[in-house]
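Residues per chain, in single letters:
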Amino acid sequence: LAKHPEIKALMKPDYNLIWVVVLMVLAQLTAFYLVKDLDWKWVVFWAYVFGSCISHSMTLAIHEISHNSAFGNCKAMWNRWFGIFANLPLGLPYSISFKRYHMDHHRYLGGDGIDVDIPTNFEGWFFCTPFRKFMWIVLQPFFYAIRPLCINPKPITRLEIINLLAQLAFDVTIYYLWGVKSIFYMLAGSVLGLGLHPISGHFIAEHYMFLKGHETYSYYGPLNLLTFNVGYHNEHHDFPNIPGKSLPLVKKIAAEYYDNLPQYNSWIKVLYDFVMDDTISPYSRMKRRLKGEVKQD
């Protein structure tokens, strides 16, 4: 910032995010209606080909909203309510809890017992062969759901209860209107999209140490168009209050800080290398013991 103070001008809400999220919710509602009378094979097909992309993209919209990128820091609660709305087509309550744990990830990256993005010792010990690592990728949504309860359980908040009740009401409404195939499409899209899917390469690309000494990596490939530029991950951790839309500008302005860092251009290759490289496993993360006072959401 001392060298490039113009970056401060990018620290403002991205109001276009609001309309993109609304259109994504409407797109999924349309899909719920269209799949209700299809054969099961086509429900599964469209859940993976279309629903999974929308669902994973929506989780990254929720990531943006967790940083108050939709309405700004001065309207923090507006972002929380909007996150609950964005959560609806995913089928499972996620937004409020994600925000609480994700802020810890930024404050205490790699913090032992705090950052639940770090795999458990069991994951590192068991998923150590190519086949087991492949299965770990398939089961990623389940590990991301269960891991916080094992590593850093937190008391349930009022907003989390509201998130749960709103989601249940939405799911029951979809089932009542359009039946079990629409519900299956919704849930299968979320599970498949967060598991064995090209976009899921970002889970591993962001912080797994393929090169010793490099803890965070950016990805500059085309899938950033579907993921709100989450691939610009060094830039995001440097400036978490800058919306994803503006992260390419951060890289352009401060190119001397980012151009020479290790980077990716293919999340599919990241997934392949993770499975096939015997030197990489869920253990391949920087873990540090925190000292001093730890403040969590």
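- An unreviewed UniProt entry annotates the protein as Sphingolipid delta(4)-desaturase DES1 originating from Oreocharis arfaki.
- The record in UniProt for the protein states the following under Function (unreviewed entry): "Has sphingolipid-delta-4-desaturase activity. Converts D-erythro-sphinganine to D-erythro-sphingosine (E-sphing-4-enine). Catalyzes the equilibrium isomerization of retinols."
- The Subunit (unreviewed entry) comment attached to the protein in UniProt states, word for word, "Interacts with RLBP1; the interaction increases synthesis of chromophore-precursors by DEGS1."

1. Focus: the overall build of the protein
Stage number 1. The helix and strand tally for the protein stands at 14 helices and two strands.
Stage number 2. The principal-axis extent of the C-alpha atoms belonging to the protein is close to 55 × 45 × 40 Å.
Stage number 3. Counting every position in the protein, which comprises 297 residues, the buried fraction comes to 52%.
Stage number 4. Long-range pairs, those at least 24 residues apart, make up 77% of the contacts in the protein between residues at least 6 apart in sequence.
Stage number 5. Surface summary for the protein: the accessible area is close to 14,800 Å², and the carbon and sulfur share equals 67%.
Stage number 6. Here the protein holds 27 positive side-chain charges and 23 negative ones, and the gap between their average locations is 3 Å.

2. Brief notes about the nonpolar core
Stage number 1. Formed by 36 residues in total, the largest nonpolar core has its most connected members in Val21, Met58, Trp136, Ile204 and Phe274.
Stage number 2. Of all the secondary-structure elements, those providing two or more residues to this core are helix 1 (16–35), helix 2 (40–66), helix 3 (76–87), helix 6 (130–138), helix 10 (201–207) and helix 14 (267–276).
Stage number 3. Contact partners of Met58, with chain neighbours within four places excluded, come to Val21, Met24, Val25, Ala86, Pro89 and Leu90.
Stage number 4. One finds Ala31, Phe32, Val35 and Val43 within the second-largest nonpolar core, a separate group that totals twelve residues.

3. Side note on the pattern of salt bridges
Stage number 1. For the structure shown, the criterion picks out 13 salt bridges.
Stage number 2. A salt bridge links Lys154 to Asp104, with the shortest nitrogen-to-oxygen separation between them at 2.5 Å. In this pair, Lys154 sits in the loop between helix 7 (140–151) and helix 8 (158–178) while Asp104 sits in helix 4 (residues 95–107), placing the two residues 50 residues apart along the sequence. Both residues of the pair, Lys154 and Asp104, belong to the buried class.
Stage number 3. A single network of salt bridges, built from pairs that share partners, joins Asp104, Arg107 and Lys154.

4. Observations concerning helix 7
For an α-helix the count is 3.6 residues per turn, leaving residues at separations of three or four pointing the same way.
Stage number 1. Over its twelve residues, helix 7 runs 16 Å from end to end, which matches the ideal 16 Å to within 8%, given 1.5 Å per residue.
Stage number 2. What helix 7 keeps buried is the set Gln140, Pro141, Phe143, Arg147 and Pro148. Along the axis of helix 7, the buried positions cluster into a sector of 165 degrees, meaning they face one direction only. Among the exposed residues of helix 7, those pointing more than 90 degrees away from its buried face are Ala145, Leu149 and Cys150.

5. Points about the UniProt feature "transmembrane region" (unreviewed entry) in the protein
Stage number 1. Under the feature "transmembrane region" (unreviewed entry), the UniProt entry names residues 17–35, 42–61, 81–98 and 184–205.
Stage number 2. Here residues 17–35 runs as 100% helix and 0% strand, with 27 Å between its end C-alpha atoms.
Stage number 3. For residues 184–205, helix accounts for 68% and strand for 0%, while the C-alpha atoms at its two ends are 29 Å apart.

6. Quick look at helix 8
Stage number 1. Compared with the 30 Å implied by 1.5 Å per residue over 21 residues, the 30 Å span of helix 8 between its first and last C-alpha is a close match.
Stage number 2. On its buried side, helix 8 packs onto helix 1, helix 3, helix 4 and helix 9 (180–193).
Stage number 3. Gly179, located one to two residues past helix 8, shows a positive phi value of around 90 degrees.

7. Section: the UniProt feature "domain: Fatty acid desaturase" (unreviewed entry) in the protein
Stage number 1. What UniProt calls "domain: Fatty acid desaturase" (unreviewed entry) maps, in this numbering, to residues 41–263.
Stage number 2. What you have in residues 41–263 is 61% helix and 1% strand, and the ends, taken at the C-alpha atoms, are 38 Å apart.

8. Describing the packing of helix 1 against helix 2
Stage number 1. Across the interface, helix 1 lies against helix 2 with an axial gap of 11 Å and an inter-helix angle of 155 degrees. With respect to helix 2, the element helix 1 is oriented roughly antiparallel. Helix 2 is crossed by helix 1, and the crossing has left-handed handedness. Residues Leu17, Val21, Met24, Val25, Gln28, Ala31 and Val35 of helix 1 lie in contact with helix 2, whose contacting residues are Val43, Phe50, Gly51, Ile54, Ser55, Ser57, Met58, Ala61, Glu64 and Ile65.
Stage number 2. For the contact of helix 1 with helix 2, the class distribution of residues is twelve nonpolar, four polar and one charged.

Conventions and cut-offs
- Residues numbered from 1 in each chain as written.
- Predicted model: local features only at pLDDT ≥ 70, side-chain atom pairs only at ≥ 80, totals over all residues.
- Heavy atoms only, no water.
- UniProt positions renumbered as here; feature names shortened; annotations may be inferred.
- Helix = DSSP H or I, 4+ residues; strand = E, 2+ residues; numbered from the N terminus.
- Buried < 20%, exposed > 50% of the residue type's maximum accessible area, 1.4 Å probe, protein only.
- Contact = heavy atoms within 4.5 Å.
- Areas by Shrake-Rupley, 256 points an atom, 1.4 Å probe, with all protein chains shown as cover.
- Lys, Arg positive; Asp, Glu negative; His and termini not counted.
- Charge placed at Lys NZ, Arg CZ, Asp CG, Glu CD.
- Core = buried A, V, L, I, M, F, W, Y, C linked by side-chain atoms within 4.5 Å.
- Salt bridge = Lys/Arg side-chain N within 4 Å of Asp/Glu carboxyl O.
- Expected span 1.5 Å × (residues − 1).
- Arc of directions from axis to C-beta.
- Axes fitted to C-alpha atoms, helices over the stretch in contact; angles between N-to-C directions.
- Parallel < 35°, antiparallel > 145°, perpendicular 65-115°, else oblique.
- Left-handed = near helix turned anticlockwise from the far one by under 90°.
- Nonpolar A, V, L, I, M, F, W, Y, C, P; charged D, E, K, R; others polar.

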